[in-house]
Amino acid sequence: MASVGFLYPGYSAEDDYPRIEALLSGGVGLPLVHTDIGEDAHRIDALLEMGSAARLAAGVAALKERGAEAVVWACTSASFVFGWEGAHEQVRELSATAGLPASSTSFAFAHAVRELGAYRVAIAATYPEDVAEHFRAFLKSAGAEVVSTRGSGIITAAEVGTWGRTEVLALARAGDHPDAEAVLLPDTALHTAAYLPDLEAELGKPVLTANQVTVWEGLRLLDREIACPRLGTLFARAGRG
């Protein structure tokens, strides 16, 4: 079985990954290793430390022992805060350390938007506004047009991880925009894997969420083709991604 490994910061919504693995019906293994996040704060300085090369490198050996053939840094905020070039350097260093193809959730969003051809997007973020603005700038560098950005002011991943279906749907509705071709929920601390059909039915358009696109990106690195409509429009057909 093919295997994609994930470096996941702390403990919040990591149970989305075994849920997604089960939905993929044995098509791929998704081992996950927790990284030390340091301070749990959606604050620029804390995020830069969270995504430092040393913190990511510490989890690589465990993933390789579990058979990972590619590795994804399963964190959006602690990748896009480095900026477009800095985020590229982050995954280059991770790839060199692991000796494997590597990416991050921020690039997963950029690639998924391109895959859907949905270049006008809305951001519905759990983050404070200043952090959400960094994601907007990252997507702009990727060639997307961000028609609206909404932050929720949540400081910790721990709090985000307590949100359920009601809060997630409310976040998506609040962040949607009539001109958006897709709505992006960028926090891997947010449980979304169980709610993707509901989200897309509620908004009537594709919804991209952090843990969903992170898994899709890992499959893309392995050039795997797995269709799973229960994971939303992005997974609705078998395709390279």
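Everything here concerns the structure above.
What you see is a predicted model, and the numbers here were worked out from it, not measured in a lab.

> Got a sec to walk through the sheet that holds strand β8 (residues 207–209)? Specific residues and values, please.
Taken in spatial order, the four strands make up an open sheet running β6-β5-β7-β8, and their pairing is parallel. The sheet is open, and its two edges are formed by β6 (145–150) and β8, each paired on a single side. Going from strand to strand, the sheet's axes swing by 20° on average, the running direction of each strand aside. As paired strands, strand β5 (residues 120–124) and β6 are joined by five bridges and run parallel to one another. Paired with valine 121 across the strands is valine 146, a residue of β6. Contacts from helix α11 (residues 196–203) reach β7 (182–185) and β8 within the one sheet, and its direction differs from that of β8 by about 145°.

> Just give me the short version of the environment of glutamate 159, but keep the residues and values in it.
You can see glutamate 159 is positioned in helix α9 (residues 157–160). For glutamate 159, a relative accessible area of 39% translates into the label partly exposed. Put simply, glutamate 159 and valine 81 are 78 residues apart on the chain and 20 Å apart in space, counted from C-alpha to C-alpha.

> Which residues make up the packing of aromatic side chains, and what values go with them?
Evaluated as defined, the whole model comprises eight aromatic pairs. Note on tryptophan 84 and phenylalanine 138: the rings are 5.0 Å apart at their centroids and 55° apart in plane angle, and the pair reads as tilted. Of the two residues, tryptophan 84 sits in helix α6 (residues 83–98) while phenylalanine 138 sits in helix α8 (residues 129–141), which places them 54 residues apart along the sequence. Note on tryptophan 84: relative accessible area 24%, which makes it partly exposed. A relative accessible area of 2% places phenylalanine 138 in the buried class. Taking the centre distance of 5.4 Å and the plane angle of 70° together, the rings of phenylalanine 109 and phenylalanine 135 count as edge-to-face. In this pair, phenylalanine 109 sits in helix α7 (residues 105–116) while phenylalanine 135 sits in helix α8, placing the two residues 26 residues apart along the sequence. For phenylalanine 135, a relative accessible area of 0% gives the class buried. Members of the aromatic cluster, connected to one another through ring pairs, are Phe80, Phe109, Tyr127 and Phe135.

Cut-offs applied
- Residues numbered from 1 in each chain as written.
- Predicted model: local features only at pLDDT ≥ 70, side-chain atom pairs only at ≥ 80, totals over all residues.
- Heavy atoms only, no water.
- Pairing = 2+ DSSP bridges.
- Helix = DSSP H or I, 4+ residues; strand = E, 2+ residues; numbered from the N terminus.
- Axes fitted to C-alpha atoms, helices over the stretch in contact; angles between N-to-C directions.
- Contact = heavy atoms within 4.5 Å.
- Buried < 20%, exposed > 50% of the residue type's maximum accessible area, 1.4 Å probe, protein only.
- Phe/Tyr/Trp six-rings, centres within 6.5 Å; stacked < 30°, edge-to-face > 60°.

Structural measurements only, silent on function.
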